[in-house]
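Descriptive analysis of the structure
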Amino acid sequence: MPAGRLSVVVTRRLPEPVETRMKELFDVELRDDDRPMSREELAAAMARADVLVPTITDQIDAGLIAKAGERLRLIASFGAGVDHIDVATARSRGILVSNTPGVVTEDTADMTMALMLSVTRRIPEGLAVMQAGSWTGWTPTAFLGGRLGGRRLGILGMGRIGQAVARRARAFGLQVHYHNRKRLRPEVEAELDATYWESLDQMVSRMDILSINCPHTPSTFHLMNARRLKLMKPSAVIINTSRGEVIDENALTRMLVARELGGAGLDVYEHGTEVSPVLRALPNVVLLPHMGSATLEGRLEQGEKVIINIKTFADGHRPPDQVVPGML
């Protein structure tokens, strides 16, 4: 670890209090605008920095890590997900990786419920009519959706966010079911009043709403593939505030067009910002621009975690949120 103030390069604009505190503690390079760094800019940053602070939009693959300078010893990611970083390659080069887990749990769970309500109660359709000025008054048959209470909610991934969704869902009267890599402890399962399904196929075929809350890993890529999507009820709704790669988006779009699914609420997409115009045009689909964690409070807490990870590393200790391959 180098002596003196660490050289830190931040790849995107962060909230002003976070940037100001970094400036006080480190020799930090901040961004003048909020555009993503190009691959060449990332490579140059990794060649000159002691610490890189990327976000989930920065792909830090084996090729970039191989070109990193000898000074780079920590990649302190601003975000909970680490699927954009080749953690194993970084570790082989002696570069630590940290993230910011647990900060956006409540915010993402809030947005998951907002998407459920938006799809099932047809909120965007009502907004469009009001914005167009074409509303002619209340009628008993206009904009009929469905209530949440009494429906079966299947949660795919029962980590922090999945459990936070379950708590909210119970308040709305939903019946909570879940599939997870590991079954929850009995006391947690009882607290959430949640039913465990060892078979994902069996669960999705019986749910009215499916909420995707698992991370993107090699084992979860296209976990909801065409075959599994076809197991769902034609009236079922799918919500994704996790990672777009978990769903086969082309298969999902085809089924929504064919009315083989009741609707979808998506905050993340398989191909990043490249969202199918067919998907965007569907009336039974609500699309958001990756807003699940977008609260000021959450961003400030993420920044605080990044700073703590860097400061702990600078003091010669293991960052509290260090990521190792075995955790993935």
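Below is a summary of the structure that appears in this document. (Residues numbered from 1 in each chain as written. Predicted model: local features only at pLDDT ≥ 70, side-chain atom pairs only at ≥ 80, totals over all residues. Heavy atoms only, no water.)

A word on the overall build of the protein chain
Worth spelling out the cut-off: Strands here are runs of E lasting at least two residues and helices are runs of H or I lasting at least four, both read from the DSSP assignment and numbered beginning at the N terminus. Atoms counted for the radius of gyration: C-alpha only. Globule rule: 2.2 Å times residue count to the power 0.38. Exposed residues in this analysis have more than 50% of their type's maximum accessible area, buried residues have under 20%, and partly exposed residues fall in between, with area computed by a 1.4 Å probe over protein chains only. Only heavy atoms matter for contacts: two residues are in contact if any of them lie within 4.5 Å across the pair. Per-residue and other accessible areas follow the Shrake-Rupley method at a 1.4 Å probe size, with only the shown protein chains counted as cover for residues. When charges are counted, Lys and Arg contribute as positive and Asp and Glu as negative, whereas His and the chain ends are disregarded. Charged groups are reduced to one reference atom each: NZ for lysine, CZ for arginine, CG for aspartic acid, CD for glutamic acid.
Of the regular secondary structure elements, the protein chain holds 13 helices and 12 strands. In summary, the protein chain has a C-alpha radius of gyration of 22 Å against a globular reference of 20 Å for 328 residues, a match within 12%. For the protein chain, the spread of C-alpha atoms along the principal axes amounts to about 70 × 50 × 30 Å. By residue count, 50% of the 328 residues in the protein chain fall in the buried class. Across the protein chain, contacts joining residues at least 24 apart in sequence account for 60% of those joining residues at least 6 apart. When the accessible surface of the protein chain is split by element, carbon and sulfur atoms take 54% of a total near 15800 Å². Within the protein chain, one finds 40 positive and 39 negative side-chain charges whose respective centroids are separated by 5 Å.

Some thoughts on the sheet that holds strand β8 (residues 194–196)
Under the convention used in this document: One requirement defines pairing of two strands: DSSP has to find at least two bridges between them. Axis geometry follows a simple rule: fit a line to the C-alpha atoms, using only the stretch in contact for helices, then measure angles between N-to-C directions, giving values from 0 to 180 degrees.
Strand order across the open sheet formed by 7 strands is β8-β7-β6-β9-β10-β11-β12, with parallel pairing between neighbours. Only two strands of the sheet have a single neighbouring strand rather than two, namely β8 and β12 (285–287). For this sheet, the mean inter-axis angle between neighbouring strands, taken without regard to orientation, is 20°. Here 4 bridges tie strand β9 (residues 209–212) to strand β10 (residues 237–240), and the two strands are oriented parallel to one another.

Description of the packing of helix α5 (residues 105–120) against helix α7 (residues 160–171)
Rule in force here: An angle below 35 degrees is read as roughly parallel, one above 145 as roughly antiparallel, one from 65 to 115 as roughly perpendicular, and any other as oblique. Take the far helix as the reference: if the near one is turned anticlockwise from it by less than a right angle, the crossing is left-handed, and if turned clockwise, right-handed. Residue polarity follows a fixed list, in which Ala, Val, Leu, Ile, Met, Phe, Trp, Tyr, Cys and Pro are nonpolar, Asp, Glu, Lys and Arg are charged, and the others, Gly among them, are polar.
Where α5 contacts α7, the axes come no closer than 8 Å and their chain directions differ by 50°. Classified by the angle their axes make, α5 and α7 are oblique. The handedness of the crossing between α5 and α7 is right-handed. Along its contact with α5, which presents Thr105, Glu106, Thr108, Ala109, Asp110, Thr112, Met113 and Met116, the element α7 presents Arg160, Ile161, Ala164, Val165, Arg168 and Ala169. Residues of the contact of α5 with α7, tallied by class, amount to 7 nonpolar, 3 polar and 4 charged.

Here's the deal with the packing of aromatic side chains
The relation between two aromatic rings is expressed through the spacing of the ring centres and the mutual angle of the planes. Spelled out, the test is: Two rings from Phe, Tyr or Trp (for Trp, the six-membered ring) form a pair when their centres are within 6.5 Å of each other. A pair whose planes differ by under 30 degrees is stacked, one over 60 is edge-to-face, and the rest are tilted.
Within the structure shown, the criterion is met by 1 aromatic pair. For the ring pair Tyr178 and Tyr196, a centre distance of 5.2 Å and an interplane angle of 50° mean the geometry is tilted. Here Tyr196 lies in strand β8 and Tyr178 lies in strand β7 (residues 175–179), a separation of 18 residues in the sequence. Look at Tyr196 and you get partly exposed, because its relative accessible area is 21%.

With respect to the pattern of salt bridges
Where we set the bar: What makes a salt bridge here is a side-chain nitrogen of Lys or Arg within 4 Å of a carboxyl oxygen of Asp or Glu, nothing more.
Taken as a whole and assessed by the stated rule, the structure comprises 24 salt bridges. Across the pair Asp201 and Arg228 runs a salt bridge, and its minimum N-O distance is 2.6 Å. Linking Asp201 in helix α9 (residues 200–204) with Arg228 in helix α10 (residues 226–229), this pair joins segments that are 27 residues apart in sequence. For Asp201, a relative accessible area of 25% puts it in the partly exposed group. The partner of Lys305 in a salt bridge is Asp321, with the nearest N and O atoms 3.5 Å apart. Of this pair, Lys305 sits in helix α13 (residues 296–314) while Asp321 sits in the segment after α13, and the two are 16 residues apart along the sequence. Lys305 sits in the partly exposed class, given a relative accessible area of 23%. Among the ionic contacts, a cluster of salt bridges with common partners joins Arg31, Asp33, Arg35 and Glu41.

Here's the deal with the sheet that holds strand β2 (residues 27–29)
On the basis of which strands lie adjacent, the open sheet formed by 5 strands has the order β2-β1-β3-β4-β5 and parallel pairing. Both edges of this open sheet fall to β2 and β5 (96–98), since each of them pairs with a single strand only. If you compare each strand with its neighbour and ignore which way they point, the axes differ by 20° on average. As paired elements, strand β1 (residues 7–10) and strand β3 (residues 51–53) share 3 bridges and run parallel to each other. Paired with Val10 across the bridge in β3 is Val53. Packing against the sheet, helix α2 (residues 39–48) makes contact with β1, β2 and β3, and its axis sits at approximately 165° to β1.

A closer look at the environment of Leu231
Looking at where Leu231 falls in the secondary structure, it is placed in the loop between α10 and β10. When the C-alpha positions of Leu231 and Ala109 are compared, they lie 25 Å apart, and in sequence the two are 122 residues distant. With residues near it in sequence (within four places) discarded, Leu231 still touches Asp201, Val204 and Ser205.

Brief notes about the pairing of strand β11 (residues 263–266)
Each regular strand displays side chains that alternate between the two surfaces of the sheet. Heads up, the rule is: By the criterion used throughout, a crossover qualifies as right-handed when its path from the first strand across the helix to the second strand runs clockwise, the strands pointing away from the viewer.
The side-chain alternation of β11 yields two buried faces, one formed by Gly263 and Gly265 and the other by Ala264 and Leu266. Relative to β11, β10 runs parallel, the two sharing 4 bridges. Paired with Ile238 across the two strands is Ala264, which belongs to β11. Regarding the hand of the β-α-β motif, the stretch spanning β10, helix α11 (residues 249–257) and β11 is right-handed. Pairing between β11 and β12: 3 bridges, direction parallel. Note that in β12 the partner of Leu266 across the bridge is Leu287.

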